[in-house]
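# Structural overview for review
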Amino acid sequence: MGILVRKKDTLQVRLDQDTIFLHPSSVNPGEPTDDPILKGVCTLELTRPRRVTVIRVQLKGVTTMHGGGETHRYETSVSLFKELRIDLGGERLDAGQHSYSFSFIIPSTTAVQERSKYGTVRHTVKASCEGLGSFGMGISSLHVPVWLIANPSAQGELPSGLEVLVQDFGAEIGPLAFRVSSSHLTVASLLFMNISFLAPPALSVISVTGYILQQFTIKYDDPDLGSATPPPQKKILFYVDQTARETSHSTDNLIERGNIGRGASLPLAYEGRRLNPKPFAEIEGGREWSYSRIVRVGDDDNVRPSTLAMTDTKIRVNHRLVAEVKYRMPGSKRDMVLAMSTDVTIASCCCLIENLLLPSYVRQTPAKTPVPTNNSLSTRAIHADAPAVNVTGAEVAPYMSTGEWDAADPSHHEYSRYTQPTLNRTEKVLSAMIGERTIMFPSGLAASFAILILYRPDVIAITGGYHGVHAAIEVYQKIRGKDAVKLIELDDEYPTEGSFVCWLETPLNPTGESRSIQHYAEKTHAVGGKLAIDSTFAPPPLQDPFAWGADAVMHSATKYFCGHSDALAGTVSVKKMEEWMELWHNRTYTGANIGSLESWLTLRSLRTLELMKAGAACFSILLEKDEYAKYLPHECRLFIAATSLGGVESLMEHRLVSDPSSDPRLVRLSVGVEDFEDLKNDLEGALHRVYEVGQMREGSGALQG
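Cut-offs used in this document
Residues numbered from 1 in each chain as written. Predicted model: local features only at pLDDT ≥ 70, side-chain atom pairs only at ≥ 80, totals over all residues. Heavy atoms only, no water. Helix = DSSP H or I, 4+ residues; strand = E, 2+ residues; numbered from the N terminus. Buried < 20%, exposed > 50% of the residue type's maximum accessible area, 1.4 Å probe, protein only. Pairing = 2+ DSSP bridges. Axes fitted to C-alpha atoms, helices over the stretch in contact; angles between N-to-C directions. Patch = residues over 30% accessible without salt bridge, like charges linked within 9 Å, V, L, I, M, F, W, Y side chains within 5 Å. Areas by Shrake-Rupley, 256 points an atom, 1.4 Å probe, with all protein chains shown as cover. Salt bridge = Lys/Arg side-chain N within 4 Å of Asp/Glu carboxyl O. Lys, Arg positive; Asp, Glu negative; His and termini not counted. Charge placed at Lys NZ, Arg CZ, Asp CG, Glu CD. Polar contact = N/O pair within 3.5 Å; in protein donor to acceptor, adjacent residues only side chain to side chain. Contact = heavy atoms within 4.5 Å. Core = buried A, V, L, I, M, F, W, Y, C linked by side-chain atoms within 4.5 Å. Phe/Tyr/Trp six-rings, centres within 6.5 Å; stacked < 30°, edge-to-face > 60°. Lys NZ or Arg CZ within 6 Å of the ring centre and 35° of its normal. Left-handed = near helix turned anticlockwise from the far one by under 90°. Nonpolar A, V, L, I, M, F, W, Y, C, P; charged D, E, K, R; others polar.

Let us look at the overall build of the chain. Within the chain one finds 11 helices and 31 strands. A burial count over the chain gives 50% of its 705 residues as buried.

Here it is in structure tokens:
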């Protein structure tokens, strides 16, 4: 006996566009305003004929305030309310769908979307329907969100650029200048900052800091509360002193991030890593000194768009850009602070259309992992790139081979050396599988060299491992100067000065020994160094180096990630967004880019990585004689005599051929997806043949053991 399910009448709202841009700065008293129009359709679906009296569509904005001043009082007010009535006078409507268009004019001065620790501003559209008889109670739609964004420029124009030069005369410093430049100053945009002392006396610069002062003002409706001004928030852009000189692009080590999650602001204060630091720079008297940085404004979880002057809102946000130099005069132990600042207007990142479309190369939320990791590895391999980077609408990533892109293309890729749609998707999947931000390179060695360029070590600790990495280090030594880069063993004493990288390959190629990542992480971090892991032999989920303290993880993706022996590729994964951005910058401007075909082949293979690894393995065996190892790969019928590993086909190599430092008796096997019994029989047969031939030759004196 079946169960009868009765359908219900429904009312739905669909908006033509859910993001509306307002231009309050163009509002002048007494002049017509350029107010945008919100359009949509409400659809009433009836299961049987009904008499309908009226349909109402409401646009409503609600402001909540819950953090200003010492009261911390919660207050709610309506910032926008518009209603449209469609009077039907009890008209009998047939069963089926009935659609009605609506539109609202939104004043340009309306309070725009806001979310912060001090309150929110949200807008929604909702429809309701009333009728006669049994339909008298009517029905309502769900609330549909509308995003109102303020653009400081006129309609059709991008946010204007910023060019500011502040000149002053310090009592001790003399003439000085503070220059700020940005092509479009928005949330998450790039910003150039320069501080110059034009003719200073002799002095020591201790540190240089750049930050944004973010000031909220909350206006309550309750006259007893009035307005509240919480303490300003200091959003660090950069900090550098002599202890942070080599890693000054990152403030992760200077800021306590333990309690920072999505939506929380950065701490209001920070401290350098050492007390009484040595000078960052010594300035000669009368000689000009200048310091410049290109920095990125924080994302919208940390930096909120500035409130424009004509916007009528209860929650206002203002910004001031500050450069701060701490210095010390000769013979003095007292640190002096010179601050230069300018008021700035930071627009929403949504004002630049490419920010709504480009998926990968934008500042991300500071978090342990950039992608969800609650699903299994196989699920992430299939779905991690959809729909976030699937701007083409293709369920299966297309193979695209092109160098340039049409600027009118909605994906907005301009040049393949910068971004490619399929490469973006591949890196998205890799990031989800590895658990940290990942970038691709044309080979594993290119990935290894990218880590060396990123950390620029003066000392490298390395023992054994893949011979190609040792060759890459030799190239790095040629660039830096052989005497400038020292190599030590993993278990030697680590240096306490200079930049240091511990390079740990585990499991080890080709013999498979495992090393303790946690042990070397603790030893490396104790001297302020970086731990880089070559995890090629243990792809996820077999090993998670970041869980044990790794700073960077590389894979020769040619092996397990590509998995079909038909592509060269390498990957580097890092925890810090600043390091990922520097890797991308270095890759872009050294031309170390992976091709479109290779990224497509890698993505194809990642989809089935977990299935592949169910039967795949790589291990080495030591034979009794050198000659046995030399001939065994060529006596097999199924194992292919070739280097590499991790492919669908089984491979076997005499390791001495590719790595002259290997034991001449060593043979490495990479097991593919062929039937186990077939492979076992092939190996056993080859071993018997090599042994028998060896015995025959030995007996005749042709083979010397």
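Here 4 strands make up an open sheet; going across it, the order is β11-β12-β13-β18 and the pairing antiparallel. For this open sheet the edge positions go to β11 (162–170) and β18 (289–296), each flanked by a neighbour on one side alone. Strand after strand, the sheet turns through a mean of 10 degrees between neighbouring axes, direction not considered. Pairing analysis gives 9 bridges linking β11 to strand β12 (residues 174–182), with the strands arranged antiparallel. Its bridge partner being in β12, Glu163 is matched across the sheet by Ser181.

Time to look at a negative patch on the surface. Together, Glu489, Asp491, Asp492 and Glu493 line one region of the surface with negative charge. Mapped onto the fold, Asp492 is located in the loop between β23 (486–488) and β24 (500–505).

This part takes up the environment of Leu203. Checked against the element boundaries, Leu203 lands in strand β14 (residues 203–219). Taking C-alpha positions, Leu203 is 9.4 Å from Pro279, a pair spaced 76 residues apart along the chain.

On to the side chain of Ser196, then. Following the sequence through the fold, Ser196 ends up in strand β13 (residues 190–197). A polar atom in the side chain of Ser196 sits 2.9 Å from the side chain of Asn194. Those residues in contact with Ser196, other than ones at most four positions away along the chain, are Pro175, Leu176, Ala177, Glu288, Trp289 and Ser290.

Following Asn509, the chain continues into Pro510 via a peptide bond in cis, with omega recorded as 10 degrees. With respect to the helices and strands, Pro510 occurs in the loop between β24 and α6 (517–525). The omega angle of the peptide bond from Pro540 to Pro541 is 5 degrees, so this bond is cis rather than trans. With phi around 70 degrees, Ala188 is a residue other than glycine that occupies positive phi space. Along the polypeptide, Ala188 turns up in the loop between β12 and β13. For Ala188, a relative accessible area of 17% corresponds to the buried category. At Arg456, a position not held by glycine, the phi torsion is positive, near 45 degrees. Locating Arg456 in the fold gives a position in the loop between α4 (444–455) and β22 (459–461). The class for Arg456 is partly exposed, based on a relative accessible area of 34%.

Here we come to the nonpolar core. The biggest cluster of nonpolar side chains holds 40 residues, and the ones touching the most others in it are Tyr494 and Leu531. Of all the elements in the fold, those that place two or more residues in this core are α2 (377–383), α3 (421–434), β22, β24, α6, β25 (530–534) and α8 (596–606). With 6 residues, the top contributor of residues to this core is α3. Sequence-distant contacts of Tyr494, defined by excluding residues within four places in its chain, comprise Ala461, Ile488, Glu489, Phe500, Cys502, Tyr520, Lys523, Thr524 and Val527.

Before going further, it helps to spend a moment on the packing of aromatic side chains. By convention here, two paired aromatic rings are described through the distance between centres and the angle between planes. Overall, the coordinates contain 7 aromatic pairs when judged by the stated rule. Between Phe102 and Phe104, the ring centres sit 5.8 Å apart and the planes meet at 50 degrees, which makes this aromatic pair tilted. For Phe102, a relative accessible area of 4% corresponds to the buried category. Classification of Phe104 by relative accessible area gives buried; the value is 5%. Clustering of aromatic rings is evident, with ring pairs tying together Phe238, Phe280 and Tyr291. Here the basic side chain of Lys234 rests over the ring of Tyr211, its NZ or CZ set 4.5 Å away from the ring centre. Directly above the ring of Tyr494 sits Lys523, whose terminal nitrogen or CZ lies 4.2 Å from the centroid.

A word on the packing of α3 against α8. Packed helix pairs are characterised by how far apart their axes lie and by the angle those axes make with each other. Running from amino to carboxyl end, α3 crosses α8 at an angle of 40 degrees, the nearest separation of the two axes being 9 Å. Here α3 runs over α8; the crossing is left-handed. Across from Thr422, Leu423, Arg425, Thr426, Val429, Leu430 and Met433 in α3, the residues of α8 making contact are Ser599, Trp600, Thr602, Leu603 and Leu606. Looking at the contact of α3 with α8 residue by residue, the classes come out as 7 nonpolar, 4 polar and 1 charged.

Below, the discussion takes up the sheet that holds strand β29 (residues 640–641). Note: strands within a sheet are paired through backbone hydrogen bonds, in either parallel or antiparallel orientation. Strands sit in the order β28-β31-β30-β29 across an open sheet of 4 strands; the sheet is mixed. Two strands close off the open sheet at either side, each with one partner strand: β28 (617–622) and β29. Alignment of β28 against strand β31 (residues 666–671), held across 6 bridges, turns out to be antiparallel. From the neighbouring strand, Leu622 faces β31, where its bridge partner is Leu666. Most of the contacts of helix α10 (residues 626–635) go to strand β30 (residues 651–654), to which it runs at about 150 degrees, and overall it touches β28, β29, β30 and β31.

Turning our attention to the pattern of salt bridges. Counting across every chain of the model gives 22 salt bridges. Between Arg287 and Glu284 there is a salt bridge, and its shortest N-O distance comes to 3.7 Å. Look at Arg287 and you get exposed, because its relative accessible area is 53%. Using a relative accessible area of 51% as the deciding quantity, one classes Glu284 as exposed.

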